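# Residue-level structure breakdown
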Amino acid sequence: MAASVREKQAAALKRMLNFNAPPLKNTAAEPVWKVLIYDRGGQDIISPLLAVKELRDMGITLHLLLHSDRDPIPDVPAIYFVMPTEENIDRICQDLRSQLYESYYFNFISAISRSKLEDIASAALSANAITQVTKVFDQYLNFITLEEDMFILGNQNKEFISYHAINKPDIMDTEMEAIMDTIVDSLFCFFVTLGTVPIIRCPRGNAAEMVAVKLDKKLRENLRDARNSLFFFFFFLFFISPLFNQRPLFVLADRNLDLATPLHHTWTYQALIHDVLDFHLNRVSMDESVGSESSPAGARPKKKKNKKSYDLTSADMFWQKHKGSPFPEVAESVQEELDTYRAQEDEVKRLKSIMGLEGEDEGPISSISMSDNTAKLTSAVSSLPELLEKKRLIDLHTNVATAVLDHIKSRKLDVYFEYEEKLMSKSTLEESLLDIISDPDAGTPEDKMRLFLIFYITAQQPTSETDLDQYKKALLDTGCDLSPVNYIKQWKAFTKIAATPSNYGNSGVKPMGLFSRVMNSGSQFVMEGVKHLVLKQHELRVSRIEFGVLMIYDLQETDDYRYFDPKMLRGSESSIPRNKNPFQEAIVFMVGGGNYVEYQNLVDYTKAKPGKRVLYGCSELFNAGQFIKQLSSLGQK
């Protein structure tokens, strides 16, 4: 995995947009102008990887949704990037009959079946458009890459493969098979794009094992047909080069291993944004107050609210550096960046003033070297675009961090975070859980429910019915829906998982009192009353399992994990790994949904293991609020 999955998926998309030919580098030739037609799934795959400017540079003049009303553009080729669904195939056939474009390049996100391909051929034949259908490709890109080391499965059908869908009590066998097939199809696409065949490990007796069995079968069937195998290049390297013997380890985990972490109030920048703001496919959307609306006489004027969106991309160096940092550090860093920018801006103004470019007297020029100042001013002016981009990013993070801070202060999220850390690390509690639940000023009903569920899930001793009734009454009094509690009670009764889903040891957090630098009067962030909590290294269950298998440690919880090697032509039921050497690269995938808390924990844990590389994937990416809704639906059944 020399190139990251993000780079490989972006390269595959660029090749597709160049009519499935390698894009020419450093060419002055004008690109062939074309239109891009995608469905919602295709849009979700492209948007985190390619900006509109990049699409334009590749000759995309228009990018339109497949099911939108589109006018004919008869002299332009069209590149389609869609899922091979019945609905999409019908619309493609309609486009052919309507003669919308000069030529058609059909690219399917997943492999198209023969019957659907015949439907397109029939439509092209009846529309006399056979010569216009230039190319038909299976792209195997049915997954979404959000980071260099993070991916999720389809965003449009996430309800179909959600934790709720997998764990609902009345699920039929056919429904479960369809869910597993959908997940396996996306994972197969992931490994085709990555260009490698993994070693698969998984626990027994849950959805993760079902996915592993199906994925192993699908990979093995493709490898068996060497002539048509999608992993030909992998085979070539494996047999030609003795150095190519490092394959990634693919560890499948089940969400039921740890239900506490997705509910946890977090303290790192990226995870906080996802928790409290509308953060979707690397884009954060939030309301911004601008001006005020006219109000009746004597009434307080109402502020207008505009919806503002910001892209948090890999090109944003501040984001790349600080997305995993504790929020107080981010607030300090934003202020430092702002101070640095102001100093650079003041320097440009000073030079302009000295050079007499702002209408001042020319007196000062005589006492200073003209050429020296001209050189400085030229340098300052040439750096203006960079300075303006820096200002844009500072404004972006100032606005986003301010919105996050408003939630922290109004909901006392620092108090919740610190209390949950103590609960999960079995530290001494200074305040009773009932006091926090009953405090009308501490958080929303959802915050209180999250806190109680973490207490209930991680409790080493079963909670007595009397105590449980007391907690339920307190939760009801604050306006909570008790459905999630009902489900967790059932889950605890039937699960065989150990009582403590996360092994935090004695980590927890270290309160550092209030801010020093960020508290100064010139700061953009008034952090008064918010605790400066410094994170200590945690070891979530997913990280412990991942590195137990990765390093071939003897961990009790991974001893019984099944072992699959799709490269072995005969299937093996062995749970004993043949490879006794530690792996260098691994992919952990959470069936049932994941979150940024686990992702960041894996990133931090990997940093402490030099030479190791770990990717995190999940069937869907949810925040605590979305997960609570799923638990609530399950608790009502």
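In short, a report on the structure. Everything numeric here is computed off the predicted structure, so don't read it as measured data.

Looking only at helices and strands, one finds 23 helices and 17 strands in the protein. Taking contacts inside the protein between residues at least 6 apart in sequence as the whole, the part at least 24 apart equals 78%. Summed over its atoms, the accessible surface of the protein is roughly 30,100 Å², and 52% of this surface lies on carbon and sulfur atoms.

A few words now on the sheet that holds strand β17 (residues 613-618). The sheet built from seven strands is open, its strands ordered β6-β7-β17-β16-β9-β8-β15 with mixed pairing. If you trace the sheet from one side to the other, it starts and ends with β6 (144-147) and β15 (562-564), each paired once. In this sheet, adjacent strand axes meet at a mean angle of 20° when their direction is disregarded. Both strand β8 (residues 199-202) and strand β9 (residues 249-254) contribute to a ladder of three bridges, which runs parallel. Bridge pairing in β9 places I199 opposite L249.

The residue D216 is located in helix α8 (residues 207-224) in this model. Classification of D216 as buried rests on a relative accessible area of 7%. For D216, the residues in contact, after removing those within four places along its chain, are I200, F564, D565 and P566.

Considering all chains together, one arrives at 28 aromatic pairs under this definition. Ring centres of F151 and F589 lie 5.9 Å apart, and the angle between their planes is 25°; on these two criteria the pair is classed as stacked. You can see F151 sitting in strand β7 (residues 150-152) and its partner F589 sitting in strand β16 (residues 585-591), a full 438 residues away along the chain. Accessibility classification places F151 together with F589 in one group, the buried group. Ring centres 5.5 Å apart and planes at 65° place the aromatic pair Y269 and W319 in the edge-to-face group. Taken together, the residues Y269 in helix α10 (residues 269-276) and W319 in helix α11 (residues 317-322) connect sequence positions 50 residues apart. Residue Y269 is classed as buried on the basis of its relative accessible area of 0%. Owing to a relative accessible area of 1%, W319 belongs among the buried residues under this scheme.

Moving on, we come to empty space enclosed by the protein. Empty space among the atoms becomes visible once a probe the size of a water molecule is rolled across them. Evaluated as defined, the whole model comprises three cavities of 30 Å³ or more. If one sorts the elements of the lining of the largest cavity by residue count, α10 sits on top with three residues. Considering only residue class, the lining of the largest cavity consists of six nonpolar, six polar and two charged.

Next up on the list: unusual backbone geometry. Phi at N128 is positive, roughly 55°, even though this residue is not glycine. Summarising the element assignment, N128 is placed in the loop between α5 (114-126) and β5 (133-138). Even without being a glycine, Y140 presents a positive backbone phi close to 50°.

Let us look at the sheet that holds strand β3 (residues 73-82). Strand order in this open sheet of five strands is β2-β1-β3-β4-β5, and the pairing throughout is parallel. Every other strand in the sheet has two partners, leaving β2 (60-65) and β5 as the edge strands with one partner each. Direction aside, the axes of adjacent strands within the sheet are offset by 20° on average. Direction of pairing for strand β1 (residues 34-38) relative to β2: parallel, over a ladder of five bridges. Across the sheet, the residue bridging to L36 is H63, located in β2. Docked against the sheet, helix α4 (residues 86-98) engages β3, β4 (101-108) and β5, running at close to 165° with respect to β4.

When the terminal C-alpha atoms of helix α20 (residues 483-494) are compared, their 17 Å separation across 12 residues agrees well with the 16 Å that a helix rising 1.5 Å per residue should span. Of the residues making up α20, those classed as buried are S483, P484, V485, Y487, I488 and W491. Its buried side turned inward, α20 meets α6 (163-167), α18 (445-458), α19 (465-477) and α23 (624-635).

Before going further, it helps to spend a moment on the pairing of β16. With respect to burial, β16 is a largely interior element, seven of its seven residues being buried. Side chains E585, I587, F589 and V591 of β16 all project onto a buried face; the interleaved residues A586, V588 and M590 project onto the opposite face, where all are buried too. One ladder, built from six bridges, connects β9 with β16; its direction is parallel. Counterpart to V251 in the pairing with β16 is V588. In this sheet, β17 lies alongside β16 in parallel orientation, the contact comprising six bridges. The residue of β17 that forms the bridge with A586 is V614.

Now for helix α16 (residues 413-424). Helix length check: α16, at 12 residues, gives a terminal C-alpha distance of 16 Å against a target of 16 Å (1.5 Å per residue), a fit within 8%. Listed in full, the buried residues belonging to α16 are L413, D414, Y416, F417, E418, Y419, E420, E421, K422, L423 and M424. With its phi angle positive at about 60°, K426 sits one or two positions after the end of α16.

Conventions used here
Counting of residues starts from 1 at the beginning of each chain's written sequence and follows it residue by residue. pLDDT decides what is reported in this predicted model: residues at 70 or higher carry local features, side-chain atom pairs at 80 or more are listed and counted, and totals for whole chains, interfaces and linings draw on all residues regardless. Heavy atoms from the whole structure form the basis of all side-chain values; hydrogens and water molecules are not counted. Under the scheme used here, helices are H or I runs from DSSP no shorter than 4 residues and strands are E runs no shorter than 2 residues, and both carry numbers assigned from the N terminus. We call two residues in contact when some of their heavy atoms are within 4.5 Å. Where accessible areas are quoted, they stem from the Shrake-Rupley method and a 1.4 Å probe; at the residue level, only the protein chains shown are allowed to cover. Paired strands are those between which DSSP finds at least two bridges. Helix axes are fitted only over the stretch in contact, all axes being lines through C-alpha atoms; the angle between N-to-C directions runs from 0 to 180 degrees. Burial classification: accessible surface area is computed with a 1.4 Å probe over protein chains only, and a residue below 20% of its type maximum counts as buried, one above 50% as exposed, and the rest as partly exposed. Any two of the Phe, Tyr and Trp rings considered here, Trp counted by its six-membered ring, make a pair once their centres fall within 6.5 Å; the pair's planes then place it as stacked at under 30 degrees, edge-to-face at over 60, or tilted in between. Cavities and pockets were defined on a 1 Å grid built from protein atoms only: a cavity is a group of points that admits a 1.4 Å probe but offers it no way out, a pocket is an open group of points flanked by protein on both sides within 12 Å along at least five of seven lines, and a lining residue is one with an atom within 4 Å of any such point. Grid points are joined across faces, edges and corners, and a volume is the space filled by probe spheres set on the points. We call Asp, Glu, Lys and Arg charged. Ala, Val, Leu, Ile, Met, Phe, Trp, Tyr, Cys and Pro are nonpolar, and the rest, Gly among them, are polar. Expected helix span is given by 1.5 Å per residue-to-residue step, counting one fewer step than there are residues.

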